[in-house]
Amino acid sequence: MMKLKNIFILAAVSLMSAMAVAQNVAIIPQPYHIDQQKGTVVLGAKPTVEVDDASLMPAAQYLSDAFEAQTGTKLKVVSKGGDIRLCLAKDGEEGAYSLKVERGGVTMSGSGYTGMINAIATLRQLLPVVKGEKVALPKINVSDRPRYGWRGLMVDCSRHFYTVDELKKLIDVMAYYKLNRFHWHLTDDQGWRVEVKRYPLLTVKGAWRHFNNQDSLCMANAAKEDMPNLLLPESKIRTAADGTQEYGGFYTQDDVRDIVAYAAKRGIDVVPEIDMPGHSLAAIESYDGLSCFDQTGWGRLFTTPMCPGKDKMLEFCRNVWTEMFALFPFEYVHIGGDEVDMKNWKKCADCQKRMADNGLTTEPQLQTWFNHYMEAFFRENGKKMIAWDDVIDGGLSPYTTVMWWRSWLPKGPKKATSHGNDLIDVPVSFFYLSTREDDTKLPGIYNFNPYETLNDNEAKLVKGIHSCLWGERVASVERMWYQLFPRLTAVAEKAWSMPERMNYDDFTKRLLMQLPRLEAMGVKYRLPDLTGLNRGNVFVSTDTVKVFCIDPSVTIRYTKDGTMPQQTSPVYTGPMAVTETTHFVFRAFGRDGRKGDAFRSDFVKDQLHEAVTTEQQFQTGLSNLWYDYPGDWCKGIEEAPLKGEYVTDGVCIPKEAKENIGLVITGYLEVPEDGVYTFRLYSDDGSQLTVDGVMVVDNDGMHDARELVGQHAMKKGLHPIRVLYFDHNGGDLRLKVEDKHGKEVKVRYWH
Ligand code: ACM
Ligand code: ZN
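(A) Broad picture of the packing of aromatic side chains. Scanning the model with the defined rule gives 35 aromatic pairs in all. On the basis of an interplanar angle of 40° and a centroid distance of 6.1 Å, the ring pair of Trp150 and Phe330 is categorised as tilted. Highlighted residues: Trp150 in strand S9 (residues 150-156) and Phe330 in the loop between helix H8 (311-327) and strand S17 (332-334), separated in sequence by 180 residues. Each member of the pair, Trp150 as well as Phe330, carries the same accessibility label: buried. Taking 5.5 Å as the distance between ring centres and 25° as the angle between the ring planes, the aromatic pair formed by Trp369 and Tyr373 counts as stacked. Taken as a pair, Trp369 and Tyr373 lie in helix H11 (residues 363-380) at a separation of 4 residues, close to a single helical turn. Taken together, the ring pairs connect Phe161, Phe182, Trp184, Tyr251 and Phe328 into an aromatic cluster. Here the guanidinium or amino end of Arg557 rests over the ring plane of Phe589, the centre of that ring lying 5.9 Å away.

(B) Looking closely at the sheet that holds strand S13 (residues 208-209). The antiparallel open sheet is built from 3 strands, whose spatial order is S13-S15-S14. Edge positions in the sheet fall to S13 and strand S14 (237-239), since each of these pairs with one other strand and no more. As judged from the 3 bridges shared by S14 and strand S15 (residues 245-248), these two strands associate in the antiparallel manner. Residue pairing across strands places Thr239 opposite Gln245, the latter belonging to S15.

(C) Region of the structure containing the coordination of the zinc ion (ligand 2). All of the protein donors around the zinc ion (ligand 2) are Cys292 (SG), Cys307 (SG), Cys348 (SG) and Cys351 (SG); their distances to the metal are 2.3 Å. Mapping the donors of the zinc ion (ligand 2) onto the primary sequence yields the spacing C-x14-C-x40-C-x2-C. Here the residue Cys292 occupies a position in the loop between helix H7 (281-284) and H8, and Cys351 occupies one in helix H10 (residues 349-357), the gap between them amounting to 59 residues.

(D) Up close: the side chain of Asn319. Structurally, Asn319 can be placed in helix H8. Using a relative accessible area of 14% as the deciding quantity, one classes Asn319 as buried. What Asn319 contacts, discounting residues up to four positions off in sequence, is Arg198 and Tyr199.

(E) Quick look at the side chain of Thr122. Mapped onto the fold, Thr122 is located in helix H2 (residues 112-126). In this structure the side chain of Thr122 is engaged in a polar contact, spanning 2.5 Å, whose partner is the side chain of Tyr97.

(F) Region of interest: H2. Along its 15 residues, H2 runs 22 Å from first to last C-alpha, staying within 8% of the 21 Å computed at 1.5 Å per residue. Along H2, 12 of the 15 residues are buried, which leaves the element largely enclosed by surrounding structure. Buried residues of H2: Gly115, Met116, Ile117, Asn118, Ala119, Ile120, Ala121, Thr122, Leu123, Arg124, Gln125 and Leu126, and no others.

(G) Structural view of the pairing of strand S3 (residues 48-51). What you see with S3 is no split at all: Thr48 and Glu50 on one side and Val49 and Val51 on the other are buried throughout. Sheet analysis places S3 next to strand S4 (residues 76-77), joined by 2 bridges and oriented parallel. By the bridge assignment, Val49 is partnered in S4 with Val77. The pairing of S3 with strand S5 (residues 84-89) spans 3 bridges and is classified as parallel. Note that in S5 the partner of Val51 across the bridge is Leu86.

(H) Geometry of empty space enclosed by the protein. For the structure on display, the rule yields 5 cavities of 30 Å³ or more. The computed volume of the largest cavity comes to approximately 80 Å³. As for the largest cavity, its lining consists of Leu217, Cys218, Asn221, Leu230, Ser434, Arg436, Arg473, Arg479 and Gln483. Elements represented by at least two residues in the lining of the largest cavity include exactly helix H5 (213-224) and helix H16 (477-484). Tallying contributions element by element places H5 first for the lining of the largest cavity, with 3 residues. The residue inventory of the lining of the largest cavity, partitioned by class, reads 3 nonpolar, 3 polar and 3 charged.

(I) Layout of the pattern of salt bridges. Inspection of the entire model under this criterion finds 49 salt bridges. Across the pair Asp592 and Lys524 runs a salt bridge whose closest N-O atoms are separated by 3.0 Å. Taken together, the positions of Asp592 in the loop between strand S26 (582-589) and strand S27 (595-605) and Lys524 in the loop between helix H18 (504-520) and strand S22 (536-539) put the pair 68 residues apart, joining distant regions of the chain. Taking the relative accessible area as the measure of exposure, Lys524 reaches 35% and is therefore partly exposed.

(J) Broad picture of the environment of Pro654. Along the polypeptide, Pro654 turns up in the loop between strand S29 (642-648) and strand S30 (661-671). Sequence-distant contacts of Pro654, that is, excluding residues within four places in its chain, are made with Asn624, Tyr646, Thr648 and Leu663.

(K) Highlighting the environment of Gly731. Structurally, Gly731 is set in the loop between strand S35 (717-727) and strand S36 (732-738). The partly exposed category is assigned to Gly731, whose relative accessible area is 27%. Distance in space between the C-alpha atoms of Gly731 and Ala713 is 30 Å, their sequence separation being 18 residues.

(L) Structural view of helix H1 (residues 57-71). Its 15 residues place the ends of H1 21 Å apart at the C-alpha level, agreeing with the 21 Å of an ideal helix rising 1.5 Å per residue. Residues of H1 that are buried include every one of Ala59, Ala60, Tyr62, Leu63, Ser64, Ala66, Phe67, Gln70 and Thr71, and no others. Just downstream of H1 lies Gly72, where phi reads positive at about 80°.

(M) How the structure looks around unusual backbone geometry. A cis amide bond, omega -5°, links Ile28 with the succeeding residue Pro29. The residue Glu339 is not glycine, and still its phi comes out positive at about 50°. By secondary structure assignment, the location of Glu339 is in the loop between S17 and helix H9 (343-347). One non-glycine residue, Asp692, lies in the positive phi region at around 55°. Locating Asp692 in the fold gives a position in the loop between strand S32 (687-691) and strand S33 (694-699).

Definitions and cut-offs
Residues numbered from 1 in each chain as written. Chains lettered and ligands numbered in written order. Predicted model: local features only at pLDDT ≥ 70, side-chain atom pairs only at ≥ 80, totals over all residues. Heavy atoms only, no water. Phe/Tyr/Trp six-rings, centres within 6.5 Å; stacked < 30°, edge-to-face > 60°. Helix = DSSP H or I, 4+ residues; strand = E, 2+ residues; numbered from the N terminus. Buried < 20%, exposed > 50% of the residue type's maximum accessible area, 1.4 Å probe, protein only. Lys NZ or Arg CZ within 6 Å of the ring centre and 35° of its normal. Pairing = 2+ DSSP bridges. Donors = N, O, S within 2.8 Å, 3.2 Å for Na, K, Ca; no water. Contact = heavy atoms within 4.5 Å. Polar contact = N/O pair within 3.5 Å; in protein donor to acceptor, adjacent residues only side chain to side chain. Expected span 1.5 Å × (residues − 1). 1 Å grid on protein atoms, 1.4 Å probe; cavity = no way out; pocket = protein on both sides within 12 Å on 5 of 7 lines; lining within 4 Å. Points joined across faces, edges and corners; volume = space filled by probe spheres on them. Nonpolar A, V, L, I, M, F, W, Y, C, P; charged D, E, K, R; others polar. Salt bridge = Lys/Arg side-chain N within 4 Å of Asp/Glu carboxyl O.

In structure tokens, the structure reads:
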């Protein structure tokens, strides 16, 4: 036991000034056990921290830095008699910890270094939100342990580039939420971001590019959405020798060492990803001889891959990784392996020879051969290989850890684990935080359960949960925060907290209390969605507009002429009556003036549409035609070749339809009574719904899973309905019908 001697601690509420009221306890992720007593403990003006084992010294320094950043008070590391005592528990579950705040100070005990890091995360969330207040802590007893050992976040630094300081701040916030794996996507088609001494052109050339279509989309969206965080920062643009502008940047090997050390101090392991053999255009265009043919570039979706038939390419891969091994001490490395366009491999004599020499009959098997070749090399170097679940397709080695991202292939987890492979879950449907957020995403993350089909042994192979931030549409660090928060808090809770401790309503309450903490850390999180608004509303005589935001710190402003609300626009103060067609735009503004997403909401005055009168006999279900459609908009689907004709119970993708999908779904919808009905059309990618020939929901264009809501006024009976839909890479389509009060209506469909 350490000796507790502390002259700086004044205990008990009775001695506190009014300023020193402890914050409400609202920890994310939810700990396993919390016992809060009445009262607080106030640390003195010169608080101190001590460790009982030298291995915890970096943790004490990290705590000291975080403490000062959060409270404005220095926390001195002392050899004994500290107000805060960090103790190493030599046994216990990795990452578990206990924390006790009592008269006499704070005692934290961590199982291993990472246990202490997790204890510090909890302590950081007990500190006052506002800098400069006395440090009053609630009297509390926490004992906690992680559900999963792997709690990760991937950041794609290829599509857009984030500086070392930007990443350090992110890593610090990851530690605050007990995330412990930083997966660094360092290379891709659009930019090679890590210095490789043996191949200098990878960064001299491969780290810079002229603006691409994603850059122009970001800039166009910044203007369209009046959202400055979509703009490309000037600091990442340079003027090339020929006077043109180039975008880019890269990490030197010293930068990498700096990040790895910074993360290690915070208990975070760094997993480098060098994506191969696909997603490699930046390398292929920097060095000759890595691809099958000289001609390289983009196909319809993916780029020319590297050529696994060429020994030079294998040598390149080994040499690059050899330099990475020296930079990244963590045992896991990520080889990517996703989305390989194998067309060239079919035509390439070297690839075909490699296949013949190794008795391979298909190109996916050639990728598997390459994976196994690289994996053997990793194993010789003491490394374990992770790959995206695409590598299941050609056959898995027993050693690969699979990252399952293709949530439209729900058998992925079962396939990997029944084969005995470790699994990390990163399903695109909710855990890709680069997708647009809306009010379905947070509960989606929280309630997602992909393990129902796994037996106990298979479930044990699930190592953890991970999230991805792909960078195509994340050009600035401000946008990065906007995409990640608050969603990453739900991922963190999903990965850490035991299911019996998880409750969505309770989580959202704690989240609200975390928002000022994020704000204080400079994390410009996305302001919560405005709720109560449909994209389209229909009324027959009058209607009422009611808007709500769970974050009481925001001000809601609106316009009635379709323009973007600004700081000077009228403030929404409560329900408003509408009697004529009005086109509202609502928007939340934060205290610092930052803007939330704008919500357009049309209120259209209309009549009840007549039902069709016909003697015709209908069959149940809807006619569902599948066209082989590769386009990016609903218009044009019917001009594509017809592939299949089906009847489906409702609006959905026929199970036979795969890859290029264009659907035309027609028939009649039968509604049980006169009234205004609400239509929730959810799709990935685009869709459109017309009823009685009127466009009710226009959810068109290439986009992630998104629900748009419209209304239509109808008389009891049958109304013609038509849905158009397209997708090319694993999509989703659903339609829900509700009455005016939001109650689901079981409409009947006929054709
Ligand atoms: C991926 O999203 N292509 C792994
Ligand atoms: Zn080849």
